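# Close look at the chain arrangement
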Amino acid sequence: MKKKSLTSYFLVISLFYLAANFAHPVTPTLIVERGLDSSMFGVALAAMMTMNFLFAPFWGKLCGYIPTKRIMLICGIGYAIGQGIFGAAQSEVMVVAGRMFAGVFTGGSFTAYSNYVINMSEPEKTGQNLTTLVTLQTVISAVGYFVGGLLGTISVEAAFMAQVALLASCGVLLFFVCQDDTPFKHRPEKPLTFKEANPFAAFASAKDFMTPMLALIFIIMAVAGIGYNSFEQCFNYYIKDQFGLGSQYNGTIKAVIAMAILVGNATICTYLQKKTDTNVTFMPVMVALTVVIGGVFIVDGFIPFVVIYILFSVFNAIRMPLLQNMAAKCSTPETSNSVMGFYQAMNSLGSIFGALFAGIIYASGPMRPFMLAFAAMIAATLVSVLYVTRYKKSRKNV
């Protein structure tokens, strides 16, 4: 059986990434308008990412048993329902409940997307296609912020209604656009049992594919995720709280970021992947991220603050595909589904602590979440140094 082109898949995925970000620029407005506690901007995302973290390995395991496009359908609709609950929330409890429900399915969505690319790519094009997927995610997500910001000028409800409709539609479209990838992936010999299907058992199965080098990649992902989400979530609320700017400004900044990311990934990221050993050259990207975050503490004024945020977003967009490709190269056809599920879980783990701590400590000082982001990125860079040192040593012994 011949593999279908991924073009139509990438087109629908772009619509999904667009919709997934409609709510972000209006979330601060939702919190303020409905009189919710300011910590909700971080707590809500942490609630979602906790469920994402718990269920991503399960979805990764399930990808080995059923067609990946079926998981895309289930998760697209489930994500839409969760966001509908969030958009209708009038209390902190309802906000958390909606985000937790959505989180169960977002882990499945993102895990299924990367697994489908791996299963449907020729071996020599897997890295290139994964880079395309992550680039689309970062660029289109920024555009989604812009569109969501414009919808937010109509009303918070308009942004959420558009998001729910498009997320559900994407789940259905992906089911019909995607090919059944069962013939192109390793199917486990034993049937999936109820015991193995629970999220914690999926975590326990990590021992079947984990290596010291892969563990370091996952640690870098999780710790850098704390830094990224602490900075990202705080910025969105910070410009509303400190500068009094509406969602349209947040969206406009994201539109500029989308173009900058596109240029950065088309030049720097492509060069690093094609011309260098990314197991070594990803480290300068980590260093650059750390330096950029540190710049927040020495600049003054809105414009310099936004410039730092744009640079931060570009370097982070370069970091993501490099680390994802490094993790994919450490997997085998038998373990790739599970590795991508665990990769998504580690990314979510960083999101949990980054968003939660940012939300909690913001009230004690608006700059404290940025301090957390800076400290986390320093830690991730130090682990990167350890990874590169061990990698070079292993190469010498070959």
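Residues numbered from 1 in each chain as written. Predicted model: local features only at pLDDT ≥ 70, side-chain atom pairs only at ≥ 80, totals over all residues. Heavy atoms only, no water.

The number of helices and strands found in the chain is 15 helices and 0 strands. Here the C-alpha atoms of the chain give a radius of gyration of 20 Å, agreeing with the 21 Å that 2.2 N^0.38 yields for 398 residues. Relative to its 398 residues, the chain shows a buried fraction of 59%. Put simply, of all contacts in the chain between residues at least 6 apart along the chain, 87% involve residues at least 24 apart. Only carbon and sulfur atoms are counted for the fraction: they give 68% of the accessible area of the chain, which is about 15,900 Å². With 26 positive and 16 negative side-chain charges, the chain shows a spacing of 9 Å between the two charge centroids. (Helix = DSSP H or I, 4+ residues; strand = E, 2+ residues; numbered from the N terminus. Rg over C-alpha atoms; globule rule 2.2 N^0.38 Å. Buried < 20%, exposed > 50% of the residue type's maximum accessible area, 1.4 Å probe, protein only. Contact = heavy atoms within 4.5 Å. Areas by Shrake-Rupley, 256 points an atom, 1.4 Å probe, with all protein chains shown as cover. Lys, Arg positive; Asp, Glu negative; His and termini not counted. Charge placed at Lys NZ, Arg CZ, Asp CG, Glu CD.)

Right, let's get into the packing of helix α5 (residues 92-120) against helix α14 (residues 336-362). Their axes nearest at 9 Å, the elements α5 and α14 cross at an angle of 140°. As the angle between them shows, α5 and α14 are arranged oblique. The handedness of the crossing between α5 and α14 comes out as right-handed. Contacts between α5 and α14 pair Gly-107, Phe-110, Thr-111, Ser-114, Asn-115, Ile-118 and Asn-119 from the former with Ser-336, Asn-337, Met-340, Gly-341 and Gln-344 from the latter. A class-by-class count of the residues in the contact of α5 with α14 yields 3 nonpolar, 9 polar and no charged. (Axes fitted to C-alpha atoms, helices over the stretch in contact; angles between N-to-C directions. Parallel < 35°, antiparallel > 145°, perpendicular 65-115°, else oblique. Left-handed = near helix turned anticlockwise from the far one by under 90°. Nonpolar A, V, L, I, M, F, W, Y, C, P; charged D, E, K, R; others polar.)

Take the nonpolar core next. Counting 129 residues, the largest nonpolar core has Tyr-9, Phe-16, Tyr-17, Tyr-113, Phe-231, Phe-282 and Tyr-387 as its most contacted members. Dropping the residues within four chain positions of it, Tyr-9 is found in contact with Met-72, Tyr-113, Tyr-116, Val-117, Leu-133, Leu-174, Val-177 and Cys-178. (Core = buried A, V, L, I, M, F, W, Y, C linked by side-chain atoms within 4.5 Å.)

With that settled, the discussion passes to the packing of aromatic side chains. Per the stated rule, a full pass over the model turns up 25 aromatic pairs. A centroid spacing of 5.9 Å and a plane angle of 75° characterise the contact between Phe-209 and Phe-342, whose relative ring orientation is edge-to-face. One end of the pair, Phe-209, is in the loop between α9 (199-204) and α10 (212-241); the other, Phe-342, is in helix α14, and 133 residues separate them in sequence. This pair shows no difference in class: Phe-209 is buried, exactly as Phe-342 is. Arranged with centres 5.9 Å apart and planes meeting at 10°, the rings of Phe-231 and Tyr-309 form a pair that is stacked. You can see Phe-231 sitting in helix α10 and its partner Tyr-309 sitting in helix α13 (residues 302-329), a full 78 residues away along the chain. Residue classification places Tyr-309 among the buried positions, given a relative accessible area of 0%. Through successive ring pairs, a cluster of aromatic residues spans Tyr-228, Phe-231, Phe-305, Tyr-309, Phe-312 and Phe-370. If you follow Lys-69 out to its NZ or CZ, it ends over the ring of Phe-175, 4.9 Å from the centre. (Phe/Tyr/Trp six-rings, centres within 6.5 Å; stacked < 30°, edge-to-face > 60°. Lys NZ or Arg CZ within 6 Å of the ring centre and 35° of its normal.)

Right, let's talk about α14 for a bit. Taking 1.5 Å of rise per residue, 27 residues should cover 39 Å, and α14 covers 39 Å from first to last C-alpha, within 8% of that figure. For α14, the tally of buried residues reaches 21 of 27 residues, placing the bulk of the element in the interior. (Expected span 1.5 Å × (residues − 1).)

What follows covers the packing of α5 against helix α6 (residues 126-154). At a minimum axis separation of 9 Å, α5 and α6 run at an interaxial angle of 150°. On the basis of their axis angle, the class for α5 and α6 is roughly antiparallel. Of the two possible hands of crossing, α5 and α6 adopt the one that is right-handed. Here α5 contributes Phe-110, Tyr-113, Ser-114, Val-117 and Ile-118 to the contact with α6, which in turn contributes Thr-126, Asn-129, Leu-130, Leu-133 and Gln-137. Split by residue class, the contact of α5 with α6 holds 6 nonpolar, 4 polar and no charged.

Moving on to the side chain of Gln-163. Looking at the secondary structure, you find Gln-163 in helix α7 (residues 156-177). The buried category is assigned to Gln-163, whose relative accessible area is 0%. Gln-163 has contacts with Ala-19, Ala-20, Asn-21, Phe-22, Ala-23 and Gln-83, leaving out every residue within four places of it along the chain.

Take the pattern of salt bridges next. Counted by the stated rule, this structure contains 1 salt bridge. The residue Arg-34 makes a salt bridge to Glu-157 at a minimum N-O spacing of 2.8 Å. Of this pair, Arg-34 sits in the loop between α2 (27-33) and α3 (40-62) while Glu-157 sits in helix α7; the two residues are 123 residues apart in sequence, bridging distant segments of the chain. Looking at Arg-34, the relative accessible area reads 15%, which means it is buried. Look at Glu-157 and you get partly exposed, because its relative accessible area is 38%. (Salt bridge = Lys/Arg side-chain N within 4 Å of Asp/Glu carboxyl O.)

Moving on: a nonpolar patch on the surface. On the surface, Ile-77, Ile-81, Phe-101, Val-172 and Phe-176 cluster together into a nonpolar patch covering about 460 Å² of accessible area. Every element with two or more residues in the nonpolar patch is listed here: α4 (68-87) and α7. Positionally, Phe-101 belongs in helix α5. (Patch = residues over 30% accessible without salt bridge, like charges linked within 9 Å, V, L, I, M, F, W, Y side chains within 5 Å.)

Moving on to the side chain of Ser-141. Checked against the element boundaries, Ser-141 lands in helix α6. In this structure Ser-141 touches Tyr-17, Asn-21 and Leu-136, once residues within four positions along its chain are discounted.

With that out of the way, let us pick up the environment of Val-177. Here Val-177 is to be found in helix α7. Along the sequence, Val-177 and Ala-23 sit 154 residues apart, while their C-alpha atoms lie 26 Å from each other. Look past the residues within four positions of Val-177 in its chain and what remains in contact with it is Lys-4, Ser-8, Tyr-9 and Val-12.

A few words on the confidence of the model for the chain. Reading predicted coordinates in detail is not appropriate for stretches of low pLDDT. Looking at the chain, pLDDT values average 85 and 91% of them are 70 or higher. The least confident element of the chain, judged by mean pLDDT, is helix α8 (residues 194-197) at 58; the most confident is α7 at 95. (pLDDT = per-residue confidence, 0-100.)

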